Amino acid sequence: MKIFLIILGLISLGLGCVGVVLPILPTTPFLLLAAFCFARSSERLNTWFKGTNLYKNNLESFVRGEGMTWKTKLRIMGTVTVIMVIAFIAMRNTTIGRICLAVVWVCHVIAFCFFIKTCPAESGMEKEARKP
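In this text the structure is predicted, and so the values were computed from the model without any measurement.

> Would you take a moment to explain the packing of helix H2 (residues 28-41) against helix H3 (residues 43-50) for this structure?
Two packed helices can be described by the angle between their axes and the distance between those axes. The contact between H2 and H3 brings their axes to 6 Å, and the two run at 145°. When you trace H2 past H3, the crossing you get is left-handed. When H2 is examined against H3, the residues Leu 31, Ala 34, Ala 35, Phe 38, Ala 39 and Ser 41 are found in contact with a partner set consisting of Glu 43, Leu 45, Asn 46 and Phe 49. Of the residues contributing to the contact of H2 with H3, the split by class is seven nonpolar, two polar and one charged.

Below is the structure:
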């Protein structure tokens, strides 16, 4: 089971890294999956991952229970919106599929706006103070 989680974590990490560059691929869900897999499979990988800027810039405040910055929320919602618009256009003859996509999108926006806490963006000095 540990090998499976390590492989899944590495694949998720790779997809998350690609998502940083490509706006069509979401970053945060893949990084959350990688964090979950590493935490349950390998202390060494978990410690390494938590020390990366990728983790610190995208997940650290969320994992600590502080929420996400508006910048992070908007980036995630924007990416999901672009993907769903593409799917919506591709389903031009499928009314039920379009309705399902619209409902999922509205639920996604409501969840990010009202249920996931918003934390203030950190200034450069606050980030420096947290560095070991």
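> Explain H2 to me, please; I cannot follow it from the model alone.
In this model, H2 (14 residues) spans 20 Å end to end at C-alpha, consistent with the 20 Å of a helix rising 1.5 Å per residue. Of the surrounding secondary structure, the elements contacted by the buried residues of H2 are helix H1 (2-21), H3, helix H4 (53-58) and helix H6 (70-90).

> What is the right way to read a nonpolar patch on the surface from this model?
Residues Trp 105, Val 106, Ile 110, Phe 114 and Phe 115 make up a contiguous nonpolar surface patch of about 550 Å² in total accessible area. With respect to the helices and strands, Val 106 occurs in helix H7 (residues 95-115). The class for Val 106 is partly exposed, based on a relative accessible area of 39%.

> I tried to follow the pattern of salt bridges on my own but got confused; where do I start?
Opposite charge on two side chains lets them pair, provided their charged atoms get close. Under the defined criterion, the tally for this structure stands at two salt bridges. Arg 64 is the salt-bridge partner of Glu 60, the closest N and O atoms lying 3.5 Å from each other. Across the pair Glu 66 and Arg 64 runs a salt bridge, and its minimum N-O distance is 2.7 Å. Judged by relative accessible area, which is 38%, Glu 66 ranks as partly exposed. When its relative accessible area of 38% is taken as the criterion, Arg 64 is described as partly exposed. One network of salt bridges, with partners in common, ties together Glu 60, Arg 64 and Glu 66.

> Just to check I follow, could you spell out the side chain of Ser 41 for this structure?
As for its placement among the helices and strands, Ser 41 is situated in helix H2. Ignoring anything within four residues of it in the chain, the contact list for Ser 41 reads Lys 2, Leu 5 and Ile 6.

> Whenever I open this one, the nonpolar core confuses me. Can you help?
When a protein is soluble and globular, its nonpolar side chains tend to lie buried together. One finds Leu 13, Leu 31, Ala 34, Ala 35, Phe 38, Phe 49, Leu 54, Tyr 55 and Leu 59 forming the largest nonpolar core, which totals nine residues. A total of four residues in this core trace back to one element, the largest contributor, which is H2. In this structure, Leu 54 is in contact with Leu 13, Cys 17, Val 20, Leu 31 and Leu 59, ignoring residues within four places of it in sequence. Ranked by size, the runner-up nonpolar core spans seven residues in total, among them Met 68, Met 77, Met 84 and Leu 101.

> I tried to follow the confidence of the model for the protein chain on my own but got confused; where do I start?
Close inspection of predicted coordinates is inappropriate for parts of the model with low pLDDT. Predicted confidence across the protein chain gives a mean pLDDT of 83, with 89% of residues reaching 70 or more. Per-residue pLDDT, averaged within each element of the protein chain, yields its smallest value for helix H8 (residues 124-130) (45) and its largest for H3 (92).

> Sorry if this is basic, but what is going on with H6 here?
Since the α-helix advances by 3.6 residues per turn, residues separated by three or four positions end up pointing in the same direction. Over its 21 residues, H6 extends 30 Å from the first C-alpha to the last, a length consistent with the 30 Å expected when each residue adds 1.5 Å. When H6 is considered as a whole, its buried residues turn out to be Thr 72, Lys 73, Ile 76, Met 77, Thr 79, Val 80 and Met 84. Each buried residue of H6 sits inside an arc of 160° when the element is viewed along its axis, so together they form one side. Counted as exposed and oriented over 90 degrees from the buried face of H6: Lys 71, Leu 74 and Ile 89.

Thresholds, definitions, all that
Residues numbered from 1 in each chain as written. Predicted model: local features only at pLDDT ≥ 70, side-chain atom pairs only at ≥ 80, totals over all residues. Heavy atoms only, no water. Axes fitted to C-alpha atoms, helices over the stretch in contact; angles between N-to-C directions. Helix = DSSP H or I, 4+ residues; strand = E, 2+ residues; numbered from the N terminus. Left-handed = near helix turned anticlockwise from the far one by under 90°. Contact = heavy atoms within 4.5 Å. Nonpolar A, V, L, I, M, F, W, Y, C, P; charged D, E, K, R; others polar. Expected span 1.5 Å × (residues − 1). Patch = residues over 30% accessible without salt bridge, like charges linked within 9 Å, V, L, I, M, F, W, Y side chains within 5 Å. Areas by Shrake-Rupley, 256 points an atom, 1.4 Å probe, with all protein chains shown as cover. Salt bridge = Lys/Arg side-chain N within 4 Å of Asp/Glu carboxyl O. Buried < 20%, exposed > 50% of the residue type's maximum accessible area, 1.4 Å probe, protein only. Core = buried A, V, L, I, M, F, W, Y, C linked by side-chain atoms within 4.5 Å. pLDDT = per-residue confidence, 0-100. Arc of directions from axis to C-beta.

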